[in-house]
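Residues per chain are reported as follows:
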Amino acid sequence: MSNLTSTAGPGSRTAGLRRRAVLRAGAMAVAAGTAATVQSSGRATAQPADPALALTGVTVVDATGRPPRRDMTVLIRGQRIAALGARAEVALPPGAEIIDLPGRYLIPGLVDAHVHSIPSERISPPLYLANGVTTVREMSGTPLLHQWRDRVERGELLGPRSVIASRIIDGAPTIGDPAQFVEVATETQARQAVRQAKADGADFVKVYSRLPDDLHRVIADEARRQGIRFAGHCPDAVALSTASARGQCSVEHLYSTWYDTSTREQELRARVAELKIGRGDFVSWLHEIHRLEWDAATSYSPRKAATVFATLARNRTRIVPTLVTYRMLDRPDDVALSDDRLKYVPVAVAEGWRWALENLIKGGRTPEESAQRRALLDLRLAFVGELERARVPVLAGTDAGDLPYVIPGFGLHDELAALVDAGFSPLRALQAATLEPARFLGLAHSIGTVEPGKTADLVVLDADPLADIRNTTRIHTVLVRGHRIGPEQRARMLADVATAAAEPTEAGPSGT
């Protein structure tokens, strides 16, 4: 999404902070091999070079779809899971550290598939890890994010693995921040933007809402030529089915996803073509799009939707609905301004969020529009539920750091609850933050499930997430690449984040 709080608010300092809040937090993990020999029986003979950690008596919810397995032992050697089985099946090496976890549950490390990290290494990386988020997909690439990733790979910074987008590519004029976005108006510019993204080391190209249909086609073609994936918003002028057919690997948010499923599609597309939005005027775009969304959602055709969803499922086009952002955008009066978790957000950012909520999101709304927006959230939930029933792959993402009151790390747990509200089972919601993004990111060999040979990105919970998805918030211990963050260290991490957030300094490119 676009950084709402980058619009000038109560002082340029806050505005400047928000413009930079589309920086990335996280970093790729070292894909180091384990010194353990993994056997299919679950036994592992470990070489003495690597420290061994055994989690015993735990119930494993491995996210593969298998039933939970109780009273299991998970042996970790270095960065990887060396063995998993009942106590009698796993031989523990001499000197192994043993942590007994009866009554607790083990799940894979979580993936937030859509973040815009607050640019402070004292805020974003520890907040993700403390919340069990061991992988993030950064949706607007910056040099700082690549620096963080390099430092994590070298073991200099404790943080999540990260997959990093290009700078955001939009049409001209862009509705985003012109200083942050790449504006393209010609085929030459579009192709060069893709080539530059690859040269910059981006993992994928991100496209945005005002990209014209012809340039979307050009970017799809150049991405294929360059061997780089492209993802992002479904542009206003591009049909969802067309974006999927062209190879856009994911669609972020629910903007422009309604039109293909509406009985009024032709009329709506004509209105979209007439939109004139000023440069950098994301807020005006948001209001105009609401009118179109409402008319599309209230003319929803199950027959048309079935055809569209079949295309998405066939092409394996992922949808990242970011429902947690719509809870804020559609029902701003319900936002908890006294949310205790705000103590983990830098003071200047929290001030900018409050101003944006009152002046940009709620400001200027008529009673009719407010009522429509409240109703629209229910329609969004129903839409995402239909995606799930049609087996369209859905990923859990939050827009954390870019949208007011979506707090890094914590927001993913809110998103999982929203997916269940939309009709997902707790298991399917959990898979949207584990198995599904691992497959999408090409990392299923390493993360996404709890299995021998995979990276030890794990979360220990105090209660069963399959009984209540909100139990993912009841975190006991987090492991990231085998590094254990126990209850005491986790509490210290959160306390340190709160201390950093309270300091009256502006988070800048240095990450300090």
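Sequence order as written defines residue numbering, which begins from 1 separately in each chain. Local features in this predicted model are restricted to residues of pLDDT 70 or higher, and side-chain atom pairs are both shown and tallied only at a pLDDT of 80 or more, whereas totals for entire chains, interfaces and linings draw on every residue. Each side-chain value is derived from all of the structure's non-hydrogen atoms; neither hydrogens nor water enter the calculation.

(A) Local environment of the overall build of the protein chain. Note on conventions: DSSP H or I runs of at least 4 residues are helices, E runs of at least 2 residues are strands, and numbering of each starts at the N terminus. Of regular secondary structure, the protein chain possesses 16 helices and 18 strands. Surface accessibility follows the Shrake-Rupley procedure with a 1.4 Å probe radius. Residue values consider only the protein chains on display as shielding. As displayed, the protein chain offers around 18000 Å² of accessible surface, 50% of which is attributable to carbon and sulfur atoms.

(B) The arrangement of the layout of surface pockets in detail. Cavity: a set of points on a 1 Å grid over the protein atoms alone where a 1.4 Å probe fits but cannot get out. Pocket: an open set with protein on both sides within 12 Å along at least five of seven lines, its lining residues, like those of a cavity, having an atom within 4 Å of a point. Grid points are joined across faces, edges and corners, and a volume is the space filled by probe spheres set on the points. Here the largest pocket is characterised by a volume of approximately 370 Å³. Along the wall of the largest pocket there are 19 residues; nearest its centre are Val 324, Arg 327, Val 335, Tyr 405 and Asp 414. Ranked by residues supplied to the lining of the largest pocket, first place goes to helix α13 (residues 410-421) with four residues. The space that makes up the second largest pocket amounts to roughly 240 Å³. As for the second largest pocket, its lining consists of 15 residues, and the residues nearest its centre are Ala 172, Arg 210, Pro 212, Ala 273 and Leu 275. Each residue gets one of three labels, nonpolar for Ala, Val, Leu, Ile, Met, Phe, Trp, Tyr, Cys and Pro, charged for Asp, Glu, Lys and Arg, and polar for the others, Gly among them. Taken together, the residues of the lining of the second largest pocket break down into 10 nonpolar, two polar and three charged.

(C) Spatial organisation of the environment of Ile 289. With respect to the helices and strands, the residue Ile 289 is situated in helix α8 (residues 282-297). Sequence separation between Ile 289 and Leu 275 is 14 residues; the distance between their C-alpha atoms is 9.3 Å. Residues count as neighbours in contact if any of their non-hydrogen atoms are within 4.5 Å of one another. Not counting residues up to four positions away in its chain, the partners in contact with Ile 289 are Asp 236, Tyr 255, Tyr 259 and Leu 275.

(D) Quick look at the pattern of salt bridges. By definition here, a salt bridge exists when the distance from a side-chain nitrogen of Lys or Arg to a carboxyl oxygen of Asp or Glu is within 4 Å. A complete count under the given rule lists 51 salt bridges for this structure. With its nearest N and O atoms 3.0 Å apart, the salt bridge here joins Glu 265 to Arg 269. Of this pair, Glu 265 and Arg 269 are both found in helix α7 (residues 265-273), four residues apart, which corresponds to roughly one turn of the helix. Where Lys 362 meets Asp 333, a salt bridge forms, and the shortest distance between an N and an O atom there is 3.2 Å. Highlighted residues: Lys 362 in the loop between α11 (347-361) and α12 (367-389) and Asp 333 in the loop between α10 (323-330) and α11, separated in sequence by 29 residues. Three or more residues are tied together by salt bridges with common partners; here these are Glu 187, Arg 191, Arg 195, Asp 221, Glu 222, Arg 224 and Arg 225.

(E) Quick look at the environment of Arg 428. For Arg 428, the location among the structural elements is in helix α14 (residues 426-431). Under the relative-accessibility criterion, Arg 428 is labelled buried at 15%. A sequence separation of 40 residues divides Arg 428 from Glu 388, and the C-alpha atoms of the two residues are 8.8 Å apart. In this view, Arg 428 contacts Glu 388, Arg 391 and Glu 436; residues no more than four positions away in its chain are not counted. Any pair of nitrogen or oxygen atoms within 3.5 Å is treated as a polar contact; in protein, a donor-acceptor pairing is required on top of that, and neighbouring residues in sequence qualify only through side-chain atoms on both sides. Only 2.9 Å separates the side chain of Arg 428 from the side chain of Glu 388, close enough to count as a polar contact. For every residue, the accessible area (1.4 Å probe, protein chains only) is compared with the maximum for its type, and the residue is labelled buried under 20%, exposed over 50%, or partly exposed between those bounds.

(F) How the structure looks around the packing of aromatic side chains. Classification of ring pairs rests on two measures: the distance between centres of Phe, Tyr or Trp rings, Trp counted by its six-membered ring, which must be within 6.5 Å, and the angle between planes, read as stacked under 30 degrees, edge-to-face over 60 and tilted in between. Under the defined criterion, the tally for this structure stands at nine aromatic pairs. When the centroid spacing of 4.9 Å and the interplanar angle of 85 degrees are considered together, the rings of Phe 181 and Tyr 208 count as edge-to-face. Residue Phe 181 is found in the loop between β10 (161-171) and β11 (182-184), and its partner Tyr 208 is found in the loop between β12 (204-207) and α5 (213-226); the two are separated by 27 residues along the sequence. Each member of the pair, Phe 181 together with Tyr 208, is buried.

(G) How the structure looks around the confidence of the model for the protein chain. One number per residue, pLDDT, summarises how confident the predictor is, and it ranges from 0 to 100. Mean pLDDT over the protein chain stands at 90; residues scoring 70 or higher make up 89%. For residues 5-48, every residue scores under 50 in pLDDT, and the model assigns this stretch 150 contacts once sequence neighbours within four places are set aside. This model gives residues 508-512 a pLDDT under 50, and the stretch forms 12 contacts once residues within four places in sequence are excluded.

(H) The arrangement of the pairing of strand β16 (residues 458-461) in detail. Where burial is concerned, the two faces of β16 agree: the one with Leu 458 and Val 460 and the one with Val 459 and Leu 461 are both buried. Whether two strands pair comes down to DSSP finding at least two bridges between them. Looking at chain direction, strand β7 (residues 105-108) and β16 are connected through four bridges and run antiparallel. When the sheet's bridge partners are listed, Tyr 105 is paired in β16 with Leu 461.

(I) Quick peek at α8. Given the number of residues in a helix, its expected span is that number minus one, multiplied by 1.5 Å. Relative to the 22 Å expected for 16 residues at 1.5 Å per residue, α8 spans 21 Å between its end C-alpha atoms, a close match to the ideal helical length. Of all the 16 residues making up α8, 13 are buried; the element is thus mostly covered by neighbouring parts of the structure.

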